[in-house]
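# Structural characterization, general
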Amino acid sequence: MDTERIRETAARTALTVTAVLGLLGVILLAAGAPPLEAVKHLFLGSLGSWMKIAHVLTAWIPLTLCACGLLYTFRIDLWNIGVEGQVMAGAICATAVLRMGAESPLPGLWLSAAFPAGVLGGGLWAWLAGVLKTRGGVNEIFAGLGLNFVAQAILLWLIFGPWKRPGIASMSGTKPFEPELWLPTLSGLRISPAGLVLSLAALVLTGWVLRKTRLGLALKAIGRNRRAAFLHGLDPSRYTLAAMGLAGGLAGLAGTFQVTAVYHRLIPAISSNYGYLALLVVMLSGFRAGPVPAIALFFACLNVGSIQLPMMLHIDSSLSGVAQGVLVLAFLFFHGRYRRKHVRQPGGGT
Amino acid sequence: MELDLTLLLSSIVAGAAPIVLASVGETVTEKAGVINLSLDGSILLSAMVGFVTAYRTGSLALGFAAGALAGGLVAAVVGVFSIYLRQSQVAVGFVLTLTARDLAYFFGNPYSRLYGPQASPVAVPGLGDIPFLGPVLFGQSVPVYMSLAAVVLAWWYLYHTPRGLALRAVGENPRAAYARGFDPRRIQLLYTVAGGLLVGLAGAAFSLAVKPGWGRPQGAEGTGWIALAIVIFGGWHPVRAALGAYLFALLQVTGIHLQDVWPSIPSQVFQVAPFPLMIFALLLTNAAWKKPEGPAAGTGRSPAARFLGVLTGAPPASLGRPFLRD
């Protein structure tokens, strides 16, 4: 029985990978690019040197943090599309704190204060979307998406207005902070040990909360059957806000990391699309914490590896996004076929 | 003064054309019970396909056809995945939103900032000379006529033909429709694709008329979400959805004028104003349909809610739920 399941899983995985590679091959040929060359550049561009691996890990950290947050909201059956804005809100709040500490004699204090500020900022932004849903009845997809655009506008306004670089305001962002306010990185490599520790801790903690605590059980109960959970005495609105707050807090942490460890300033693209990408990561993980780190690593490799594609092969770097999307679609396709074959009763197996 | 009003209205009718096409298309799809969430990506992909086709063939007609086809194709993926493979419509739609957008940027890159063919105004002989209404409705470009035709056709089809009745029946109660001899899944797929074709036309209307050309960003980013919200705001009725789209275009034009009046307000505020507005519109819509709870229960809806209820409507009862035949 078990060996049969393993064989089936292996077969499905093989089918998914074949389908993705086949589709990407067709897409690359259609764009006039040699597929094997492209794969080679993606590989070398992401894992070809220690520098590149450090770059991949730097992308892995915020992606994993956002994905952890989404595990909470998906558990209670919410589509938190507002992660992108929550990352920005966190980055803005962290920047606000760091600006206050610009000429302080205790930079370490301000740097550590930036983290709770970022978490709070992201959490509040998500909470806002949650309130719009629980109080206003606005679907969380529209609330979150609308707030993404609002956060982007506030971000641009700050960069070009009150926080503009002395002299000229530009798309390159605000004036960089003093190095004392940067999150320390390993010498020679631009990778922050603190960031790695934070994301690993977030992963372990999320897995634990979802599986072993009352909160995790409540989220799952409401997500599976809202009405039954309500009759059982669980307040869906309260847990909706809690899940949103947790997701937003983790996204805000990702934003803080982007500001303190990666860019050392606020830039218009501070969220780097990680919010939307994290949604794909979690969908591909089957909404479980276990596979998240590996999938996030693979997605980070694709993102970093595709940076040099325009230079090497004269194709657009959005190839990574196409690959990630096609992968999730193929996964859904074969997963859907699997479910159709094995689950017959209505609504079962979801 | 009258000339100004004519100009204002005709610019609204022209500028709203893609949003009208997209929201009418999505209304048709959702009336059949399927949510095609991929609109934002679909519109960009079809804008790119439409522009590139028109650029390479020199034919606007082929450009519009190719754009529509691209929109129909994305919708077909949503349809097959959700109707036949029972995947979550939101999940598939969201993935396609991102994937179609990236595909558009990937294949569109070599065609960025090129000057290509554009649809120019063609006055309808006879009708174009009617004072006031002539220039507003009949002195426009072809995509605008398509948007007007789409509204009328969708309304007539949905509410005045037997096939439209079957479409709505499937969206409200697929099991009953099935018992009556219809195949809900075939019907849902059909109208998902039909709606997608209109969404594709909306994309082509952007790149070939309203915001001519291709680039990154193209300028159509975000409008798919607005169109999705307008479907809700319009109460799943094609005519109301179109009115919502025109209202939205009016607010956009007003925003441009206000920007001149208050130059101190940063331009970013005006650029994203549609989105808080979208949330606000959905809040209003929901207030109109919320059943009173607590002490107010049983007293019916408040007068304000009843007034809003005239403007909005209820969603198809089986929207988003797949039909299971067993």
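Residues numbered from 1 in each chain as written. Chains lettered and ligands numbered in written order. Predicted model: local features only at pLDDT ≥ 70, side-chain atom pairs only at ≥ 80, totals over all residues.

### Thoughts on the overall build of chain A
How we decide: In DSSP terms, a helix is any run of H or I states spanning at least four residues, a strand is any run of E spanning at least two, and both are numbered starting from the N terminus. Every radius of gyration here is taken over C-alpha atoms, with the globule rule written as 2.2 Å times N^0.38, N being the number of residues. Using C-beta atoms placed from the backbone, we call a residue buried if 20 or more other C-beta atoms fall within 10 Å of its own, exposed if 12 or fewer do, and partly exposed for counts in between.
The number of helices and strands found in chain A is 14 helices and 0 strands. For 350 residues, the compact-globule estimate of 2.2 N^0.38 gives 20 Å, and chain A sits close to it at 21 Å. Principal-axis analysis of the C-alpha atoms places the extent of chain A at approximately 65 × 60 × 35 Å. Sorting the 350 residues of chain A into buried and exposed places 49% on the buried side.

### As for the overall build of chain B
Quick note on the threshold: Each residue gets a C-beta atom placed from its backbone, and two residues are in contact if those atoms lie within 7 Å.
Scanning chain B for helices and strands turns up 15 helices and 0 strands. Here the C-alpha radius of gyration of chain B, 20 Å, is about what a compact globule of 326 residues would show, namely 20 Å. Each principal axis of the C-alpha atoms in chain B carries an extent, and together these give about 55 × 45 × 45 Å. Among the 326 residues that make up chain B, the fraction classed as buried is 51%. Restricting to contacts in chain B with at least 6 residues of sequence separation, those with at least 24 account for 77%.

### A short note on the nonpolar core
How we decide: Only buried Ala, Val, Leu, Ile, Met, Phe, Trp, Tyr and Cys residues enter a nonpolar core, and they are joined through C-beta atoms within 7 Å.
Within the largest apolar cluster, 208 residues are counted, with the highest numbers of intra-cluster contacts made by Leu63, Cys66, Ala67, Ala278 and Val281 of chain A together with Leu21 and Ala229 of chain B. Examining the composition of this core, we find that 15 residues originate from one element, helix H10 (residues 184-210) of chain B, more than from any other. Apart from residues no more than four positions distant in its own chain, Leu21 of chain B is found in contact with Met146, Ser147, Ala150, Leu198, Leu201, Ala202 and Ala205 of chain B.

### Quick word on the environment of Ser82 of chain B
Residue and element names in this part refer to chain B. Here Ser82 shows up in helix H4 (residues 60-84). Placed 18 residues apart in sequence, Ser82 and Phe64 show a C-alpha to C-alpha distance of 27 Å. Setting aside anything within four residues of it in sequence, one finds Ser82 in contact with Val34, Gln87, Gln89, Val92 and Pro322.

### Description of the interface of chain A and chain B
Under the convention used in this document: Amino acid classes used here: Ala, Val, Leu, Ile, Met, Phe, Trp, Tyr, Cys and Pro are nonpolar; Asp, Glu, Lys and Arg are charged; the rest, including Gly, are polar.
Across the contact, 39 residues belong to chain A and 35 residues belong to chain B. Here the side of chain A that touches chain B is built from residues that sort into 25 nonpolar, 9 polar and 5 charged.

### Comments concerning the confidence of the model for chain B
All names here are of chain B. Here is the rule we go by: Predictor confidence is given residue by residue as pLDDT, running from a minimum of 0 to a maximum of 100.
Across chain B, the average pLDDT comes to 88, with 91% of residues at 70 or higher. Residue range residues 292-299 is modelled with pLDDT below 50. Its contacts to residues more than four positions away, or to other chains, number 3 contacts. Per the prediction output, this complex has pTM 0.92; the corresponding ipTM is 0.91.

### A short note on the environment of Lys31 of chain B
All names here are of chain B. Along the polypeptide, Lys31 turns up in helix H2 (residues 17-31). The buried category is assigned to Lys31, around which 25 C-beta atoms lie within 10 Å. Lys31 sits 71 residues away from Asp102 along the chain, and the two C-alpha atoms are 29 Å apart. Dropping the residues within four chain positions of it, Lys31 is found in contact with Leu158, Leu167, Arg168, Gly171, Trp236 and Pro316.

### Examining the confidence of the model for chain A
Of the residues in chain A, 95% reach a pLDDT of 70 or more, and the chain-wide mean stands at 91. Note on residues 343-350 of chain A: pLDDT is under 50 here. Beyond four places in sequence and across chains, it has 6 contacts.

### Quick notes on the packing of helix H3 (residues 39-57) of chain B against helix H5 (residues 89-108) of chain B
Residue and element names in this part refer to chain B. For clarity, the cut-off: The convention used is that axes are lines fitted to C-alpha atoms, helices contributing only their stretch in contact, and that angles between N-to-C directions extend from 0 to 180 degrees. Reported orientations rely on four angle classes, namely roughly parallel under 35 degrees, roughly antiparallel over 145, roughly perpendicular from 65 to 115, and oblique for the rest. By convention, the crossing between two helices is left-handed when the near helix turns anticlockwise from the far helix through less than a right angle, and right-handed when the turn is clockwise.
Remark: H3 packs on H5, axes separated minimally by 7 Å, with the N-to-C direction vectors making an angle of 25°. Comparing their axes, H5 and H3 come out roughly parallel. In this structure, H3 meets H5 at a crossing whose hand is left-handed. Residues Asp40, Gly41, Ser42, Leu44, Leu45, Met48 and Val52 of H3 form the contact with H5, whose own contacting residues are Leu96, Thr97, Leu98, Thr99, Ala100, Arg101, Leu103, Ala104, Phe107 and Gly108.

### Quick look at H10 of chain B
Residues and elements named next belong to chain B. Heads up, the condition is: Any helix carries an expected span of 1.5 Å times its number of residues minus one. Given a residue, its bend is the angle between the two axes fitted to the seven residues that end at it and to the seven that start from it.
Helix length check: H10, at 27 residues, gives a terminal C-alpha distance of 37 Å against a target of 39 Å (1.5 Å per residue), a fit within 8%. Of all the bends found along H10, the most pronounced is centred on Ala204 and spans about 25°. In terms of burial, H10 is largely enclosed, as 23 of its 27 residues are buried.

### Overview of the environment of Leu198 of chain B
Residues and elements named next belong to chain B. Inspection of the secondary structure puts Leu198 in helix H10. Residue classification places Leu198 among the buried residues on the basis of 27 C-beta atoms within 10 Å. Between the C-alpha atom of Leu198 and that of Gly71, which follows or precedes it by 127 residues, the distance is 7.4 Å. The contact partners of Leu198, leaving out residues within four places of it in the chain, are Leu21, Ala22, Val24, Gly25 and Ala150.

### Side note on unusual backbone geometry
Omega for the peptide link from Arg216 of chain B to Pro217 of chain B comes to 0°, which places this bond in the cis form. Structurally, Pro217 of chain B can be placed in the loop between H10 and helix H11 (223-233). Of note, His264 of chain A is a non-glycine position whose phi angle comes to about 55°, a positive value. The topology assignment puts His264 of chain A in the loop between helix H10 (236-263) and helix H11 (274-284). Assessed through the 20 C-beta atoms surrounding it within 10 Å, His264 of chain A is described here as buried. You will see that Phe287 of chain A, though not glycine, has its phi angle at about 65°, which is positive. In this fold, Phe287 of chain A is placed in the loop between H11 and helix H12 (292-305). Among the residues examined, Phe287 of chain A registers 16 C-beta atoms within 10 Å and is labelled partly exposed.

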